Amino acid sequence: MLLLSTLLLSLQLLAQNRTITGKVTDDKNVGVPSASVTVKGTSVGTVTNADGNFTLSIAQNARTLVVSA
């Protein structure tokens, strides 16, 4: 039973997400409002706020973000 509990806990830890924050800016370093930020190859994404800031919960193995304005 202890082995099964340990295995299940390990699988849950591997499946956990991480939260990232960032800011999308233009060439003048001004925040870009309503820019789309998605994880490449998925439908996971968000939109930046009026200042260009975003927060996104992504899988541990996610490596690339795609930004479009």
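This text follows the structure it describes.
These remarks concern the structure in this document.

What counts, and at which threshold
Residues numbered from 1 in each chain as written. Predicted model: local features only at pLDDT ≥ 70, side-chain atom pairs only at ≥ 80, totals over all residues. Heavy atoms only, no water. Helix = DSSP H or I, 4+ residues; strand = E, 2+ residues; numbered from the N terminus. Buried < 20%, exposed > 50% of the residue type's maximum accessible area, 1.4 Å probe, protein only. Contact = heavy atoms within 4.5 Å. Areas by Shrake-Rupley, 256 points an atom, 1.4 Å probe, with all protein chains shown as cover. Core = buried A, V, L, I, M, F, W, Y, C linked by side-chain atoms within 4.5 Å.

1. Section: the overall build of the protein chain
Phase 1 of the analysis: Counting its regular elements, the protein chain contains 1 helix and 5 strands.
Phase 2 of the analysis: Written out in order from the N terminus, the α and β elements of the protein chain read α-β-β-β-β-β.
Phase 3 of the analysis: Each of the 69 residues in the protein chain was classed as buried or not, and the buried ones make up 17%.
Phase 4 of the analysis: At a minimum sequence separation of 6, the contacts of the protein chain that also span at least 24 residues come to 53%.
Phase 5 of the analysis: As displayed, the protein chain has an accessible area near 5200 Å², and 57% of this comes from carbon and sulfur atoms.

2. Let's talk about the nonpolar core
Phase 1 of the analysis: By size, the foremost hydrophobic cluster in this structure holds 9 residues: Val24, Val32, Ala35, Val37, Val39, Phe54, Leu56, Ile58 and Ala62.
Phase 2 of the analysis: Taken together, the elements giving at least two residues each to this core come down to strand E2 (36–39) and strand E4 (53–59).
Phase 3 of the analysis: Here the element with the most residues in this core is E4; it accounts for 3 residues.
Phase 4 of the analysis: Contacts of valine 32, omitting those with residues within four sequence positions, involve Val24, Thr25, Asp26, Thr48, Asn49, Asp51, Gly52 and Ala69.

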